[in-house]
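Secondary and tertiary structure notes
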Amino acid sequence: MSAINSQDDEDTFKILIATDIHLGYLEKDPVRGNDTFVTFNEILDHAQKNEVDFVLLGGDLFHENKPSRKTIHSCLESLRKYCMGDRPVQFEVLSDQAVNFHYSKFPWVNYQDGNLNISIPIFSIHGNHDDPTGADALCALDILSCAGLLNHFGRSASVEKIDISPVLLRKGRTKIALYGLGAIPDERLYRMFVNKQVTMLRPKEDEDSWFNLFVIHQNRSKHGATNYIPEQFLDDFINLVVWGHEHECKIAPTQNELQRFYVSQPGSSVVTSLSPGEAVKKHIGLLHVKGKKMKMQKIALETVRTFYMEDIVLADHADLFNPDNPKVTQAIQAFCMEKVELMLDNAERERLGNPRQPEKPLIRLRVDYTGGFEPFSVHRFSQKYMDRVANPKDIIHFFRHREQKEKNDSDINFGKLVSRPVSEGMTLRVEDLVKQYFQTAEKKVQLSLLTERGMGEAVQEFVDKEEKDAIEELVKFQLEKTQRFLKERRTDAEEEKIDEEVRKFRESRKKNTEEEDEEVREAMTRARAHRSEDAVLVAASSDEELMDTSMRGTGDSDDSLPVTVSRGRGRARGGARGARGQNSTARGSSRRGRGSTSQESTTSSRTYKPVSVPAKNMSIMDAFRSLKPDASLNSSKPYSEFFQDIIDDDSDLEDISIIPSSKVNQRLSTTSSRNKRGSQSQTSRGVDFESDEDEFDPFKSTAPSRRTK
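Worth saying up front: this structure is predicted, and the values here are computed from it rather than measured.

As a further point, take the overall build of the chain. What the chain contains, in helices and strands, is 19 helices and 18 strands. Looking at the chain as a whole, 48% of its 709 residues qualify as buried. A fraction of 75% describes how many contacts in the chain between residues 6 or more apart in sequence connect residues 24 or more apart. Here the chain displays about 36600 Å² of accessible surface, and carbon together with sulfur accounts for 48% of that area.

Spelled out as structure tokens, the structure:
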């Protein structure tokens, strides 16, 4: 890598590089809540002081897929403060911006918008924390892009084939081809690279005169057989790769010996896990590019909270600790206190030279108590450092290594799974946990119809993207496909034959990973569409109720008739929303034309089946519970009961129903009515008013049915 002699001339690009800022991480923590916002301001301040041409972010600008209003507001505030101004932008865009930003309603870079005054453009790809999701496939970066404060690029429009078209930039005689690829599930992208489905397009004219810069947000270290992206998968014409997602700071470019390109890993700007990689000093990079030459200048971040970490193996201190000593636990606790005090002293000395650094450091002491030792009370130990440490509850982490079992053909070697502490340095994914659970579970709870991979993907969507219908739709989709398969095979209505056919069909689907991925995508599409229909249905019923309420208020009334007013919890729930609630007077007078009294009206209104608003925080067990009538897919229930309609009837698949929906609706209606009478909530004409508290209600139905009893 060659140095650049003249770094400020008209031919030199100056680019500030950062990744994994994670705005909003622990925003509700009273000590660490503002750490990400303070560091983000420092990064943009460095960009402004160094008069960079643009800022390049490598994903995970936000920590949450749906950031809070505080996080969005703080981000907009910082971008407006540092990135808007009168300083002219010195480079130009040569590529077709309609291709680079094809998903945006404003397909051009923000500094070329005549209504905006941008002095520092920001180019960013999305990460796995802030990736597009939902029915419209939007992410938080799209909000910033629509506001004209950021240029979101590197978004793939297809999951079958990826063509990465670069953003072509020119400043003087220096030309940069900026490639970007937002976060994609590693296993899927790995398979696409193997199948030659990822193509990096190159400029037609003078392709060797461009400096090729590639930004990616994937696993760089190997977490599994295909759960990472090897560097040799990338094209060898690239000059520099900026690798996001990995939090350990390795910002100094290192050369790949096979592909001959350089890789820079800036790491995160905030500590999000108490692991060894996060303890490395945090930096951002100032990249100078002139012609085909580059230079990376490291800039240390001063506002990052100090993090010290140390490991202790008690078995290595046989002269200090004897497991047979009754007071050995007190001795271990005193030894740990000495270690923590030493780390606190080092943190205080470091902070004296940097007044911008937060006062309370992060301390982590990992204690391996293998060898017959017993851990002491972590909570009691933490009380001594409540006012001195930013993470008092996480100071001590006890773990021990279990001995690996001998290899046996009939037994699973669980020792390999627990050879090191799970919470330290390993990234556990939900789909991996689901797969591991079913592989090691007893035979009676094994999946006999669904696949572990599909179920894991559905649970991952449920947890990360809050797709509450993901599990239900996947079960329905795979069940329909199995029904279609059995009908085409004309299987005899015998349990053993049906079991055998289902087992063969399941094994064939497990081998065809591409088809299984397509099933998961189709099920997720159904779930998103179902969620959109629910929102429209609830909104329509609310509008109808409000219209009926206004019509009742203008109708004839008789104040001489008695009115019964309920005084229970239902009144507080209904009246807390003001205009959305209804009083009992309006309900009583609206039914008087039918010859009933107000008392009868109030009682009669309770017999209506409410439209239950889908719960915002539904648990995984609730998602499976909603499928309980038709999801008993283990071997304890004969398959002939499930597929009787298939063998006896040759009608279309759309008419096949495992359990009549009327029974499900009737059961949901009975449960909803019973809950409603018990709480005396004010509901009328199928509208169930939400409470002001955004809490989980285990009795709230998740099926938005509008049927009445």
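On we go from here.
Let's shift gears to the sheet that holds strand E10 (residues 211–217). Ordered by their spatial adjacency, 7 strands build an open sheet running E3-E7-E8-E10-E11-E13-E12, and the pairing between neighbours is mixed. Only two strands of the sheet have a single partner each, and these edge strands are strand E3 (92–93) and strand E12 (250–255). Alignment of E3 against strand E7 (residues 167–171), held across 2 bridges, turns out to be antiparallel. Considered in E7, the bridge of Val93 is made with Leu169.

In space, the 6 strands of this open sheet follow the order E5-E4-E2-E1-E14-E15, with mixed pairing throughout. Looking at which strands have only one partner, the edges of the open sheet turn out to be strand E5 (151–152) and strand E15 (293–300). Bridging between strand E2 (residues 54–57) and strand E4 (residues 122–124) involves 3 bridges; their strand directions are parallel. From the neighbouring strand, Val55 faces E4, where its bridge partner is Ile122.

A word on the environment of Phe54. Mapped onto the fold, Phe54 is located in strand E2. What makes Phe54 buried here is its relative accessible area of 0%. Phe54 sits 37 residues away from Ile17 along the chain, and the two C-alpha atoms are 9.0 Å apart. Look past the residues within four positions of Phe54 in its chain and what remains in contact with it is Phe13, Lys14, Ile15, Leu16, Phe91, Ile120, Pro121, Phe123 and Leu169.

Moving on, we come to unusual backbone geometry. The phi angle at Asp20 is positive, at roughly 50°, despite the residue not being glycine. Within the secondary structure, Asp20 sits in the loop between strand E1 (13–18) and helix H1 (35–49).

On to the confidence of the model for the chain, then. Taken over all residues, the pLDDT of the chain has a mean of 77, while the share at 70 or more is 67%. In the model, residues 671–709 has pLDDT below 50 throughout and makes 93 contacts with residues more than four positions away in sequence or in other chains.

Okay, the packing of H1 against helix H2 (residues 69–83) next. Here H1 crosses H2 at 15°, and the two axes come no closer than 10 Å. Between H1 and H2, the interaxial angle falls into the category roughly parallel. For the crossing formed where H1 meets H2, the hand is right-handed. Two secondary-structure elements touch here, H1 through Phe37, Phe40, Asn41, Leu44, Asp45 and Gln48 and H2 through Lys70, Thr71, Ser74, Cys75, Ser78, Leu79, Lys81, Tyr82 and Cys83. Classifying every residue of the contact of H1 with H2 gives 7 nonpolar, 5 polar and 3 charged.

Applying the stated rule across the entire model yields 16 aromatic pairs. Where Tyr190 meets Tyr228, the ring centres are 6.1 Å apart and the plane angle is 45°; that geometry is what we call tilted. In this pair, Tyr190 sits in helix H5 (residues 186–194) while Tyr228 sits in the loop between E10 and strand E11 (240–244), placing the two residues 38 residues apart along the sequence. Neither residue differs from the other here; Tyr190 and Tyr228 are each classed as buried. What links up through ring pairs into an aromatic cluster is the set Phe13, Phe54, Phe91, Tyr111, Phe123 and Phe153. The residue whose ring lies beneath Arg202 is Phe237, and the NZ or CZ to ring-centre distance is 4.1 Å. Residue placement shows Arg220 over the ring face of Trp243; its charged tip is 5.9 Å from the ring centre.

If you walk through the whole model with that rule in mind, you get 20 salt bridges. Close ionic contact of Glu348 with Arg351 constitutes a salt bridge, the shortest N to O distance being 3.8 Å. You can see Glu348 and its partner Arg351 sitting in helix H6 (residues 328–352), 3 residues apart, about one turn around the helix. Glu348 gets classed as partly exposed once you look at its relative accessible area, which sits at 37%. Given a relative accessible area of 22%, Arg351 falls into the partly exposed group. The structure contains a network of salt bridges with shared partners spanning Arg202, Glu207 and Asp208.

This next bit is on the nonpolar core. Grouped together as the largest cluster of nonpolar side chains are 32 residues, with contacts concentrated most on Leu16, Leu61, Phe62 and Leu79. Counting only elements with at least two residues in this core, the list comes to E1, H1, E2, H2, helix H4 (140–146) and strand E14 (283–290). The contact partners of Leu16, leaving out residues within four places of it in the chain, are Ile43, Ala47, Val52, Phe54, Val55, Leu56, Ile284, Gly285, Leu286 and Ile299. Core analysis: the next-biggest nonpolar cluster, separate from the first, contains 28 residues, Ile17, Ile176, Val215 and Leu240 among them.

Let us now look at H6. Turn by turn, an α-helix covers 3.6 residues, leaving residues three or four places apart pointing in a common direction. The terminal C-alpha atoms of H6, which comprises 25 residues, lie 37 Å apart, in line with the 36 Å expected from a rise of 1.5 Å per residue. For H6, the set of buried residues is Val328, Ile332, Gln333, Phe335, Cys336, Val340, Met343, Leu344 and Ala347. The elements touched by buried residues of H6 are strand E16 (307–313), strand E17 (362–368), helix H7 (378–382) and strand E18 (396–399).

For Glu374, the location among the structural elements is in the loop between E17 and H7. Here Glu374 falls in the exposed class, since its relative accessible area comes to 53%. Taking the C-alpha atoms as reference points, Glu374 and Ile332, separated by 42 residues in sequence, lie 9.4 Å from one another. Non-local contacts of Glu374, meaning those with residues more than four positions away in its chain, are made with Thr329 and Tyr369.

Attention now goes to the side chain of Ser382. Mapped onto the elements of the fold, Ser382 is located in helix H7. For Ser382, a relative accessible area of 5% translates into the label buried. Excluding its chain neighbours within four sequence positions, the residues that come into contact with Ser382 are Pro392 and Lys393.

Turning our attention to the environment of Glu51. Mapping Glu51 onto the fold places it in the loop between H1 and E2. Each C-alpha atom of the pair Glu51 and Arg87 lies 9.0 Å from the other, and the pair is 36 residues apart in sequence. Beyond its immediate sequence surroundings of up to four residues, Glu51 is in contact with Lys14 and Arg87.

Glancing now at the pairing of E12. Two elements, E12 and strand E13 (residues 262–265), share 3 bridges in a ladder whose sense is antiparallel. Residue Lys250 lies in a different strand from E13, and its bridge partner there is Gln265. Linking E12 back to E13 in an antiparallel pair, the connection comprises 6 residues, with Arg260 at a positive phi of about 70°.

Now for the side chain of Gln218. Relative to the elements of secondary structure, Gln218 occurs in the loop between E10 and E11. Relative accessible area serves as the criterion here: at 2%, Gln218 is assigned to the buried category. Excluding residues that lie within four positions of it along the chain, Gln218 makes contacts with Gly182, Ala183, Ile184, Pro185, Asp186, Leu189, Ile229, Trp243, Gly244, His245 and Glu246.

Parameters and conventions
- Residues numbered from 1 in each chain as written.
- Predicted model: local features only at pLDDT ≥ 70, side-chain atom pairs only at ≥ 80, totals over all residues.
- Heavy atoms only, no water.
- Helix = DSSP H or I, 4+ residues; strand = E, 2+ residues; numbered from the N terminus.
- Buried < 20%, exposed > 50% of the residue type's maximum accessible area, 1.4 Å probe, protein only.
- Contact = heavy atoms within 4.5 Å.
- Areas by Shrake-Rupley, 256 points an atom, 1.4 Å probe, with all protein chains shown as cover.
- Pairing = 2+ DSSP bridges.
- pLDDT = per-residue confidence, 0-100.
- Axes fitted to C-alpha atoms, helices over the stretch in contact; angles between N-to-C directions.
- Parallel < 35°, antiparallel > 145°, perpendicular 65-115°, else oblique.
- Left-handed = near helix turned anticlockwise from the far one by under 90°.
- Nonpolar A, V, L, I, M, F, W, Y, C, P; charged D, E, K, R; others polar.
- Phe/Tyr/Trp six-rings, centres within 6.5 Å; stacked < 30°, edge-to-face > 60°.
- Lys NZ or Arg CZ within 6 Å of the ring centre and 35° of its normal.
- Salt bridge = Lys/Arg side-chain N within 4 Å of Asp/Glu carboxyl O.
- Core = buried A, V, L, I, M, F, W, Y, C linked by side-chain atoms within 4.5 Å.
- Expected span 1.5 Å × (residues − 1).

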